[in-house]
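Per-entry structural report
One-letter residues, chain by chain:
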Amino acid sequence: MGGFLELIVALAGIGTAVTLYPVVKRQNEGVALGFVAARLLEAAMIFTGVLSLLSLVTLRHDLAGAAGANAAALVTTGASHVAVYNWTFLLGQTLMPCINALLLGSLMYRSRLVPRIIPVLGLIGAPLLIIAVITTLFGGSIGHVSAFAAIATIPVALWELSLGVWLVVKGFRPSPITAKMTVADTPDSPAAG
């Protein structure tokens, strides 16, 4: 069930990037494209982690009880699947949301499509969480589960939650970016012709 939910997270990440791209590309097309690419990379890492877990489950169910199975080899293989999942989780579901927060947060901050406090949460939280990830990558004292990593996760989580809630409840603020889209979408406008 957890693997299925992670697949939904990956697909939702791609969906949000593709959905927001036509709007945010009007602010800066290169950064908007970078956001889409980062979301795709994040999803690929999540898919890799899910495949690793599913392989581990298959290994446990199909091979663990097999006669003549080398227990040490099975333990080593299982440990390697867990290690792949842990690394893909660190990179795909911890580091990539930071990259996404920096890219989309900068676009939202400059465009003023949402109140500035919302992207500021991501722009402040992302560097904190990146520090926790880098420290973990280089064997520092901060692990996957630590007080600093948990505290550093809060602003990025609040950024993603508040952006989603704001867009569902209020939508984008009127701005030159959305005005251009409205004109382009009107059938009688010269831009639509």
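Only a predicted model underlies this, so the values are computations on that prediction, with no experimental measurement involved. (Residues numbered from 1 in each chain as written. Predicted model: local features only at pLDDT ≥ 70, side-chain atom pairs only at ≥ 80, totals over all residues. Heavy atoms only, no water.)

Brief notes about the environment of Ala150
Following the sequence through the fold, Ala150 ends up in helix H5 (residues 147–169). Separated by 18 residues in the primary sequence, Ala150 and Ala132 place their C-alpha atoms 9.3 Å from one another. (Helix = DSSP H or I, 4+ residues; strand = E, 2+ residues; numbered from the N terminus.)

Side note on the layout of surface pockets
Approximately 420 Å³ is the volume attributed to the largest pocket. Along the wall of the largest pocket there are 23 residues; nearest its centre are Ala12, Thr16, Arg39, Glu160 and Leu163. Of all the elements in the fold, those that place two or more residues in the lining of the largest pocket are helix H1 (2–24), helix H2 (29–63), helix H3 (71–111) and H5. Looking at the lining of the largest pocket, its residues break down into 14 nonpolar, six polar and three charged. (1 Å grid on protein atoms, 1.4 Å probe; cavity = no way out; pocket = protein on both sides within 12 Å on 5 of 7 lines; lining within 4 Å. Points joined across faces, edges and corners; volume = space filled by probe spheres on them. Nonpolar A, V, L, I, M, F, W, Y, C, P; charged D, E, K, R; others polar.)

Some remarks on the packing of aromatic side chains
Any aromatic ring pair is given by two values, namely how distant the centres are and how the planes are angled relative to each other. Evaluation of the coordinates by the stated rule reveals one aromatic pair. Seen in terms of ring centroids, Tyr85 and Phe89 are 6.1 Å apart; in terms of plane orientation they differ by 35°. Their pairing is tilted. Taken as a pair, Tyr85 and Phe89 lie in helix H3 at a separation of four residues, close to a single helical turn. The class for Tyr85 is buried, based on a relative accessible area of 15%. (Phe/Tyr/Trp six-rings, centres within 6.5 Å; stacked < 30°, edge-to-face > 60°. Buried < 20%, exposed > 50% of the residue type's maximum accessible area, 1.4 Å probe, protein only.)

A word on H5
An ideal rise of 1.5 Å per residue puts 33 Å on 23 residues; H5 measures up with 33 Å between its terminal C-alpha atoms. At Ile154, H5 shows its largest bend, some 25°, and a proline, Pro155, comes one to four positions later. Positive backbone phi, at 80°, marks Gly171, one or two positions downstream of H5. (Expected span 1.5 Å × (residues − 1). Bend = angle between axes of the 7 residues up to and from the residue.)

Looking at the packing of helix H4 (residues 117–137) against H5
The geometry of H4 relative to H5 is characterised by a closest axis approach of 8 Å and an angle of 150° between their N-to-C directions. Between H4 and H5, the angle is such that the two are roughly antiparallel. Along this stretch, H4 crosses H5, giving a crossing that reads as left-handed. Taking contact as the criterion, the partners of Ile118, Pro119, Leu121, Gly122, Gly125, Ala126, Leu128, Leu129, Ile131 and Ala132 in H4 are, on H5, Phe148, Ala149, Ala152, Thr153, Pro155, Val156, Leu158, Trp159, Ser162, Leu163 and Trp166. For the contact of H4 with H5, a count of residues per class yields 17 nonpolar, four polar and no charged. (Axes fitted to C-alpha atoms, helices over the stretch in contact; angles between N-to-C directions. Parallel < 35°, antiparallel > 145°, perpendicular 65-115°, else oblique. Left-handed = near helix turned anticlockwise from the far one by under 90°. Contact = heavy atoms within 4.5 Å.)

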